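Report on the structure
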Amino acid sequence: MRPEQFYQEIGGSYQEALTRMPDDRRIVRYLGMFLQDPSMEELGKALTAGDTEEAFSRAHALKGTCLTLGLGRLTVRVSELTEMLRAGWLEGARRDYADLERTYQEVCEKIRSVHI
């Protein structure tokens with residue numbers, strides 16, 4: 001799928017992505033790099049270990065990347081989880097992680113089909 005269609009499907013803004021990345025080639029490149037980012041996996045590990053501080057750090061990093069790439073619904077989900085962790089609400093974050101993970105997997109699957 002083309003980048004514009006990808007952004008429509010994930011609830012993101014293609015026009016916003018173009019303000020950060022000047023063309024489709026760059027968008028596809030950075031989306032591909034997102035698939036290699038370990039933040040989501042590290043967030044899950046920190047939540048499992050009960051390490052609120054590390055979980056917040058990983059969630060905050062993931063949030064920044066999602067904002068930069070304009071990843072729509074995924075950005076919203078990770079932002080909510082980040083705020084839970086900022087408030088020290090580990091159990092709420094653990095509970096909501098499954099929804100975040102589903103959204104993350106859906107976005108990653110769509111990223112794999114993006115091409116120029």
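Given the structure is predicted, the values throughout are model-derived calculations rather than measurements.

**A few points about the packing of helix α3 (residues 24–34) against helix α5 (residues 52–69)**
Between α3 and α5, whose axes approach to 11 Å, the crossing angle comes to 160°. The orientation of α3 relative to α5 falls into the category roughly antiparallel. Pair α3 / α5 crosses with left-handed handedness. Residues Y30, L31 and F34 of α3 form the contact with α5, whose own contacting residues are L62, T65, C66 and L69. Partitioning the contact of α3 with α5 into residue classes produces 6 nonpolar, 1 polar and no charged.

**Here's the deal with the packing of helix α4 (residues 39–49) against helix α7 (residues 90–112)**
At their nearest, the axes of α4 and α7 sit 10 Å apart, and the two run at 155° to each other. Regarding the angle of α4 to α7, the classification is roughly antiparallel. Between α4 and α7 lies a crossing of left-handed hand. For the pair α4 and α7, the contacting residues are M40, L43, G44, L47, T48 and A49 in the first and L90, A93, R94, Y97, L100, E101 and Y104 in the second. For the contact of α4 with α7, the residue count by class is 9 nonpolar, 2 polar and 2 charged.

**Quick word on α5**
With 18 residues, α5 should reach 26 Å at 1.5 Å per residue; the first-to-last C-alpha distance of 25 Å fits that figure. Here the buried face of α5 lies against α1 (3–9), α2 (14–20), α3, α4 and α6 (72–86). Just downstream of α5, G70 is the residue with a positive phi angle, here 70°.

**A short note on the confidence of the model for the chain**
The predicted model of the chain has a mean per-residue pLDDT of 97, with 100% of residues at 70 or higher. Mean pLDDT across the elements of the chain bottoms out in α2 (93) and peaks in α4 (98).

**Some remarks on the packing of aromatic side chains**
Following the criterion strictly, the structure yields 3 aromatic pairs and no others. Ring centres of F6 and Y7 lie 5.0 Å apart, and the angle between their planes is 75°; this geometry places the pair in the edge-to-face category. A centroid spacing of 6.4 Å and a plane angle of 50° characterise the contact between Y7 and Y14, whose relative ring orientation is tilted. Grouped by ring-pair contacts, the aromatic residues F6, Y7 and Y14 constitute a single cluster. A cation over a ring is seen here: R29 above Y30, with NZ or CZ 5.3 Å from the ring centre.

**A closer look at the nonpolar core**
One finds F6, Y7, L31, F34, L43, L71 and L85 to be the most contacted residues of the largest nonpolar core, which totals 34 residues. Among the elements that make up this core, the one with the highest residue count is α7 (8 residues). Non-local contacts of L71, meaning those with residues more than four positions away in its chain, are made with F6, I10, L31, F34, C66 and V107.

Reading the values: the criteria
- Residues numbered from 1 in each chain as written.
- Predicted model: local features only at pLDDT ≥ 70, side-chain atom pairs only at ≥ 80, totals over all residues.
- Heavy atoms only, no water.
- Axes fitted to C-alpha atoms, helices over the stretch in contact; angles between N-to-C directions.
- Helix = DSSP H or I, 4+ residues; strand = E, 2+ residues; numbered from the N terminus.
- Parallel < 35°, antiparallel > 145°, perpendicular 65-115°, else oblique.
- Left-handed = near helix turned anticlockwise from the far one by under 90°.
- Contact = heavy atoms within 4.5 Å.
- Nonpolar A, V, L, I, M, F, W, Y, C, P; charged D, E, K, R; others polar.
- Expected span 1.5 Å × (residues − 1).
- pLDDT = per-residue confidence, 0-100.
- Phe/Tyr/Trp six-rings, centres within 6.5 Å; stacked < 30°, edge-to-face > 60°.
- Lys NZ or Arg CZ within 6 Å of the ring centre and 35° of its normal.
- Core = buried A, V, L, I, M, F, W, Y, C linked by side-chain atoms within 4.5 Å.
- Buried < 20%, exposed > 50% of the residue type's maximum accessible area, 1.4 Å probe, protein only.

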